[in-house]
Each structure stands twice: as C-alpha cells, then as structure tokens.
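A structural walkthrough
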Number of protein chains: 2
Amino acid sequence: MKISELSRTTGVPVASIKYFRREGLLPAGRATAATLAEYGDEHVQRLRLIKALTTLGGLSIAATREVLTAVDRADSADGTLKAISYALPVPVAQAPAVDEDEEARAGAAAAADVAGLVAAMDWRIPATSPHVRGLTTALRELRRLDADYRPERLVAYAELARSIARLDLERAAAFEDAPSLAEQAVVVLALSGPMLELLRRLAQEDLVRRRTTFEDSEDVGADAPA
Amino acid sequence: MKISELSRTTGVPVASIKYFRREGLLPAGRATAATLAEYGDEHVQRLRLIKALTTLGGLSIAATREVLTAVDRADSADGTLKAISYALPVPVAQAPAVDEDEEARAGAAAAADVAGLVAAMDWRIPATSPHVRGLTTALRELRRLDADYRPERLVAYAELARSIARLDLERAAAFEDAPSLAEQAVVVLALSGPMLELLRRLAQEDLVRRRTTFEDSEDVGADAPA
C-alpha cells in the first residue's frame with residue numbers, strides 16, 4: 001500500500017508517519033520508484049504499536065525507540081520480556097535535593113528498605129536492575145512525605161504485585177510462539193499499568209462508598225447512586 | 001519564617017513559591033509589612049505536598065490545583081478520599097479516532113466489558129465515575145491492539161486490585177483523625193501508583209529470571225546474577 005493508504009488504515013497522519021520514519025521508529029517501505037514506497041502489514045502493525053506506546057503508554061519518542069529496539073533485538077520470549085521491561089521508562093520523577101545530608105540519609109534508608117524487601121520476597125534480582133533503582137527513588141520520595149511504607153507493609157503490597165505478575169506472564173505465555181509476542185509483551189508490560197491503576201481506584205471507590213452506605217444511610221444493598 | 005527560609009526548608013526556589021502563590025496553590029502568608037509576609041508550618045506542609053504531586057505524582061499545575069481544592073473542601077475522612085480520588089487525572093491518553101464506526105463499536109464493547117466487570121465484582125459505583133470512564137478508554141485502546149482482556153481475565157486482576165485497595169484504606173484509616181489525613185490520602189491514592197507499578201515490574205523480572213535460571217543454567221538456588 002502507499003503511504004496515503006497506510007495513513008488511512010492506521011489513522012496516523014502522513015506527516016507523523018514520515019516523522020517516525022526519520023526518527024528510525026518505522027522501517028522503510030519497499031522503494032517502487034524514486035519518490036514512492038510500498039508499505040505492508042508489518043508497517044501497519046508497527047505503527048499501531050508506536051501509537052499505543054505514545055498515547056496509551058504515554059512514552060516519549062526516545063523511550064518508544066528504546067522499547068522498539070529491544071523488541072527487534074530480543075531472540076526469545078523471556079529475552080523479549082526482559083528487554084522490553086528494562087527499556088521502559090521508570091514511572092517516578094525525582095524531586096530536587098533539599099539538603100545533601102538529609103538526602104543521603106533518606107536515600108540510604110530507602111535502599112535498605114528495598115534490599116530488605118528483595119530478600120524477604122526471595123526475589124532474584126540484581127541491584128543494577130532499573131526497577132530496583134526506581135523503587136528506591138519512589139520510597140525515598142514517599143519517606144519525605146512521612147508516608148508509612150515500612151518493610152512489612154511493602155511485603156503485603158509486593159505479594160499482591162507478585163500475583164499480578166503471575167497473571168501477566170500467563171498472558172504473555174499464551175503468545176510464546178506468535179510473531180505478535182513482542183507486541184503482546186509491550187501490552188502486558190507497558191500498557192496494562194493504567195488499566196491496573198484504574199481497577200485499584202474503582203476498588204477503592206467501592207470500598208469507601210460501601211463503608212459510607214453501611215454507616216450513614218439505610219439503603220444497604222441498594223444500587224450505587226446515579 | 002520569611003519566604004527565603006521557607007525556600008531553604010522545603011528546597012523550593014523562591015520564584016516557584018511566588019508562582020504557586022499566584023496560581024492559588026499556596027495560601028498567602030501573614031502580612032507583617034507592605035512587602036513582607038510571615039510563613040508557618042502549614043506552608044511548609046503544603047509546599048511539600050505540591051512538590052510531591054508535581055514530581056512523584058507527575059501532576060500538572062491544573063491537576064494539582066484540583067486535588068488541593070478537594071483536600072481543602074472535604075469535611076470527613078471518606079469525603080477526603082473520594083474528593084481526592086475524583087480530582088486525580090485519569091492515567092490514560094486516548095488515541096485519535098481512526099474510523100468513526102469502528103470507534104463506536106470498540107467503545108460500546110469496552111463499555112460492556114466494564115459494566116460486566118462492575119456487576120461481577122458487585123462494585124457499587126455510578127456509571128458517572130471518572131474511573132469507569134477511564135477504564136473504558138483503557139480497555140478500548142487495549143482492544144485496538146487485540147489485547148486479550150476478556151471479562152474473566154479482568155475479574156482476576158480486579159480481585160487483586162481490591163486486595164490492594166483494602167491495604168490502601170487500612171493505611172488511610174490509621175490517619176483518620178490526624179490533620180495530615182488529606183496529605184496521607186494523597187500519598188495513598190496518587191503517589192503509591194508508581195510504587196505499585198515498580199513492585200509489579202520487579203515481580204515480573206523475578207519470575208522471568210527464575211524461569212530462565214531453572215531452564216537454562218545449573219546454578220539453581222544461586223543468587224541473582226550481578
């Protein structure tokens with residue numbers, strides 16, 4: 001198909017397709033003339049993935065390039081999972097340091113919490129994992145707010161996170177031999193985050209409403225208010 | 001304290017403090033002269049919260065203002081939780097429509113999935129909840145990628161999300177009567193998301209590494225590779 005049809009099929013404007021080409025996110029089409037190229041299903045699939053990463057995943061162009069490079073290089077299902085996982089941006093921003101000494105203490109305390117958690121969970125993860133660094137940053141920021149995430153609380157969350165990860169890998173396993181493994185791995189690893197966050201908020205909302213209903217009103221068992 | 005000391009204590013530059021004042025995020029200090037104001041602990045606390053929301057939470061100034069307004073207006077613990085929860089931005093971007101008809105079909109299918117899930121979980125949540133709308137958008141985007149999140153799979157995730165929400169509310173309950181309830185609620189609802197996402201990635205990484213170790217190498221039981 002021509003670039004105009006590729007644009008219609010995927011809903012990605014021609015200018016964006018050219019931009020993704022220049023940025024190296026999308027492979028070249030098959031040249032059919034000096035200024036014409038023919039695109040195929042692999043381009044449609046890749047464009048859908050780029051769109052999903054940049055919109056649903058909220059990834060920058062640079063982060064998208066890293067994930068796609070990992071997808072293209074991986075040579076096994078597990079390799080794909082790990083490569084994509086490591087290429088994902090860490091979802092936590094770091095506030096500027098207030099006081100160097102306090103900063104160092106908070107950082108050391110957070111690092112100790114993470115090390116304790118990894119040991120308690122018997123997780124076989126090297127300290128160089130970007131997720132270890134990310135969690136350390138997140139816990140340090142939470143400590144600054146006096147948030148009570150002591151190791152024993154963290155373990156309770158981590159146990160549930162492990163159950164979720166098992167579901168994730170079951171999903172990925174179903175695509176073990178499919179050419180779409182990389183795409184599905186991206187979906188599982190990068191794009192299901194917002195879904196989980198929304199499920200958690202829905203569950204929180206239900207628990208709060210249920211408690212309020214039980215305590216404050218008589219319509220126990222009634223449907224949710226409109 | 002003077003604005004310069006407020007800046008030193010919180011690590012927020014004076015120019016940013018003035019900006020937050022102008023944007024209505026931070027209340028005025030007590031005027032002590034025509035051009036001088038005195039700031040107190042409540043300003044320190046509020047500035048820490050603003051910094052946490054904009055850095056760790058990644059919220060925009062507009063979203064931060066909505067959350068803070070909700071915090072200030074809420075008159076009960078549950079009211080605070082719900083107000084903050086509703087003020088949080090929905091963590092999912094919507095890709096531009098490709099085809100209006102296909103869009104409408106995918107949207108209707110996603111809405112049906114969400115309604116089925118809410119019924120299956122016996123969640124008492126009105127269809128007007130921003131989290132219902134957010135989850136519908138997320139599922140529609142996942143459907144576009146042919147991701148297999150059928151209702152029965154969603155229920156498994158939702159059950160785990162409910163367990164996490166119970167932990168969240170236990171944490172919030174510990175602060176029921178504290179003046180810091182609002183701050184802690186923000187931490188639980190808005191800022192623990194990145195922590196959970198990192199725990200999930202760590203658990204995924206462990207499961208993949210463990211599988212690979214068992215299958216491919218002889219050092220079963222050894223520590224994680226450096």
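Residues numbered from 1 in each chain as written. Chains lettered and ligands numbered in written order. Predicted model: local features only at pLDDT ≥ 70, side-chain atom pairs only at ≥ 80, totals over all residues. Heavy atoms only, no water.

Comments concerning the pattern of salt bridges
Taken as a whole, this structure holds 20 salt bridges over all chains when the rule is applied. A:Glu205 is the partner of A:Arg209 in a salt bridge, and the nearest nitrogen-oxygen pair spans 3.1 Å. One end of the pair, A:Arg209, and the other, A:Glu205, are both in helix H9 (residues 181-216), 4 residues apart, so they sit about a helical turn from each other. Salt-bridge contacts for B:Arg140 lead to B:Glu141; the nearest nitrogen and oxygen are separated by 3.8 Å. When its relative accessible area of 11% is taken as the criterion, B:Arg140 is described as buried. If you follow the salt bridges from partner to partner, you end up with A:Asp168, B:Glu197, B:Arg200 and B:Arg201 in one network. (Salt bridge = Lys/Arg side-chain N within 4 Å of Asp/Glu carboxyl O. Helix = DSSP H or I, 4+ residues; strand = E, 2+ residues; numbered from the N terminus. Buried < 20%, exposed > 50% of the residue type's maximum accessible area, 1.4 Å probe, protein only.)

Comments concerning the relation of the copies chain A and chain B
When chain A is fitted onto chain B, the two copies agree to an RMSD of 0.0 Å after a turn of 180 degrees and an axial shift of 0.0 Å. Taken together, the turn and the small shift mark the pair as related by a two-fold rotation axis. When each C-alpha of chain A is compared by its distance to the rotation axis, A:Leu160 comes out closest, at 3.2 Å. Taken as a fraction of all interface residues of chain A, those also at the interface in chain B reach 100%, which identifies the copy contact as same-surface. (Least-squares fit on C-alpha atoms with pLDDT ≥ 70 in both. Contact = heavy atoms within 4.5 Å.)

Looking at the packing of aromatic side chains
Residues and elements named next belong to chain A. On inspection of all chains with the given rule, the structure shows 2 aromatic pairs over all chains. Between Tyr-19 and Phe-20, the aromatic rings sit 5.9 Å apart at their centres with planes inclined by 45 degrees, giving tilted as the arrangement. Residue Tyr-19 is classed as partly exposed on the basis of its relative accessible area, which comes to 31%. (Phe/Tyr/Trp six-rings, centres within 6.5 Å; stacked < 30°, edge-to-face > 60°.)

Here's the deal with the interface of chain A and chain B
Contact with chain A, which involves 91 residues of that partner, is made by 91 residues of chain B. Of all residues in chain A, the largest losses of buried area upon contact with chain B belong to A:Arg124, A:Leu145 and A:Tyr157, amounting jointly to 9% of the total for that side. If you look at where chain A meets chain B, you find 4 salt bridges. One salt bridge in this structure joins B:Arg210 and A:Asp122, with 3.6 Å as the shortest N-O distance. Run the count over chain A and chain B and you get 20 residue pairs in polar contact (both at pLDDT 80 or more). Contributing elements (two or more residues each) for the side of chain A that touches chain B: helix H1 (3-10), helix H3 (41-54), helix H5 (77-87), helix H7 (130-144), helix H8 (151-173) and H9 of chain A. With 27 residues, the top contributor of residues to the side of chain A that touches chain B is H9(A). When grouped by side-chain class, the residues that make up the side of chain A that touches chain B number 52 nonpolar, 14 polar and 25 charged. (Buried area = accessible area lost by both parts, 1.4 Å probe. Polar contact = N/O pair within 3.5 Å; in protein donor to acceptor, adjacent residues only side chain to side chain. Nonpolar A, V, L, I, M, F, W, Y, C, P; charged D, E, K, R; others polar.)

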